[in-house]
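What the coordinates show
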Amino acid sequence: MTKDRKVKKNSYVRMGVIMLLSAIGGGVIGLGAFLLLGDKGTAYIAGGAALALTKFQQIMAPALAAVMLASVVFGELNLRKQRMLCRKIEETEDEECDRWEYEEEKAGAYGTVANILSQILCILALAAGYSIEYIGKGHRGNVLAACIIFLACYTYDGFWQVRFVKLVQKTFPEKKGDPASRKFHQDWLESCDEAEKEVIYRASYNAYSRVNKCIPVMIVLTMLGHLFFNTGIMAIMVTALIWLVVAASYLSSCVNLKGQKLRG
């Protein structure tokens, strides 16, 4: 048997072993959870979750206000630091300038992640009481206050992103793109040099790879949640749809890029 055939055979064997171990692991987890929880354990956890949700609904508006306050404080401090770093970039050259550019890139990354986290926390906090059943129980004022704070926080987060982009464009005038435009990412990418594009391409592929590894795990967790706590299939459907969109987008881009290369 040649080396290539051995490699192909080993690939099938390894894949079969992985699938078998995954099936065994899933069975063990499911059986273990059933034996540990049972009907009473599941009901106890579900009841505890419902009680925690009820308690959180009472502080939904203050929780959103706390998220907004933290977002504003961190966002302003982050932009202040970035302005300082941008001044350093404009005042220095060569290797020292490269170091300040790295620091500015890192500060921008922290600020962007915090900005996205703020939006996620706002959604989760509002979702706690964002239901017809809760509103119908006479909590319209609480929900209305939460919605107002939610919109205010989202407005700040949106303008923060614009301010961040404008700050970078002021420091690097060659960077193009209107942050309010749907073609912003395309225009920004086209204005980058080859080294920057290489970094973006590699980072994008790394992100795609990590998402592709995480989504199957998320689907399993949502399936277990539906099995034991009757959380519904919507979470499973949405997670599966995200998986499909990510994979289809990546493969479609690969085909289109190769087609453009062939035609060009």
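Above this text is the structure in question.
The following refers to the structure shown. The model shown is predicted, which means the values in this text are computed figures rather than measured ones. Think of each chain on its own: its residues are numbered from 1, step by step along the sequence as written. A pLDDT threshold of at least 70 governs which residues receive local features in this predicted model, and a stricter bar of 80 or more applies before side-chain atom pairs are shown or counted, although totals over entire chains, interfaces and linings include all residues. Computation of side-chain values covers all heavy atoms of the structure but excludes hydrogens and water.

Let's talk about the overall build of the chain
Secondary structure follows DSSP: runs of H or I at least 4 residues long count as helices, runs of E at least 2 residues long count as strands, and numbering of each begins at the N terminus. For the chain, the count of helices and strands is eight helices and zero strands. Listing each helix as α and each strand as β along the chain from the N terminus yields α-α-α-α-α-α-α-α. Residue exposure (1.4 Å probe, protein chains only): buried if accessible area is under 20% of the type maximum, exposed if over 50%, otherwise partly exposed. Looking at the chain residue by residue over its 264 residues, the buried ones come to 25%. Residues count as neighbours in contact if any of their non-hydrogen atoms are within 4.5 Å of one another. In the chain, once contacts between residues fewer than 6 apart in sequence are set aside, the share between residues at least 24 apart is 63%. Where accessible areas are quoted, they stem from the Shrake-Rupley method and a 1.4 Å probe; at the residue level, only the protein chains shown are allowed to cover. Split by element, the accessible area of the chain, about 19000 Å² in all, is 67% carbon and sulfur.

Some thoughts on the pattern of salt bridges
Salt bridge criterion: a side-chain nitrogen from Lys or Arg within 4 Å of a carboxyl oxygen from Asp or Glu. Enumeration according to the criterion identifies four salt bridges in this entry. Overlapping salt bridges bring together Glu 174, Lys 175 and Glu 196 as one network.

Brief notes about the packing of helix 2 (residues 60-91) against helix 5 (residues 140-171)
Note on method: axes are straight lines fitted to C-alpha atoms, helices fitted across the in-contact stretch only, with angles between N-to-C directions ranging 0 to 180 degrees. Viewed as axis vectors pointing N to C, helix 2 and helix 5 meet at an angle of 5°, and their least axial separation amounts to 9 Å. When the interaxial angle is binned, helix 2 and helix 5 end up roughly parallel. Nonpolar residues are Ala, Val, Leu, Ile, Met, Phe, Trp, Tyr, Cys and Pro. Charged residues are Asp, Glu, Lys and Arg, and all others, Gly as well, are polar. Here the contact of helix 2 with helix 5 is built from residues that sort into 19 nonpolar, six polar and six charged. Angles are sorted into four bins: roughly parallel if under 35 degrees, roughly antiparallel if over 145, roughly perpendicular if 65 to 115, and oblique for all others.

Some words on the layout of surface pockets
A volume near 2100 Å³ is recorded for the largest pocket. Surrounding the largest pocket, 45 residues form its lining, His 185, Trp 188, Ile 200, Ala 203 and Ser 204 being those nearest its centre. Of all elements in the fold, only helix 3 (94-127), helix 5, helix 6 (184-191), helix 7 (194-229) and helix 8 (234-263) reach the threshold of two or more residues within the lining of the largest pocket. For the lining of the largest pocket, the leading source of residues is helix 7, giving 13 residues. Classifying every residue of the lining of the largest pocket by side-chain character gives 28 nonpolar, 10 polar and seven charged. Only protein atoms enter the 1 Å grid used here, on which a cavity is any set of points holding a 1.4 Å probe that cannot leave and a pocket is any open set flanked by protein within 12 Å on both sides along at least five of seven lines; residues with an atom within 4 Å of a point are listed as lining. Grid points are joined across faces, edges and corners, and a volume is the space filled by probe spheres set on the points.

A short note on the side chain of Thr 171
Its location among the elements puts Thr 171 in helix 5. Judged by its relative accessible area of 11%, Thr 171 falls in the buried class. Those residues in contact with Thr 171 that lie beyond four places of it in its chain are Cys 86, Ile 89 and Glu 90.

With respect to helix 8
The first and last C-alpha atoms of helix 8 sit 42 Å apart over 30 residues, in line with the 44 Å expected at 1.5 Å per residue. Those residues of helix 8 that are buried lie in contact with helix 7. How far a helix is expected to stretch is found by multiplying one less than its residue total by 1.5 Å.

Limitation: the analysis is restricted to geometry and does not speak to function.
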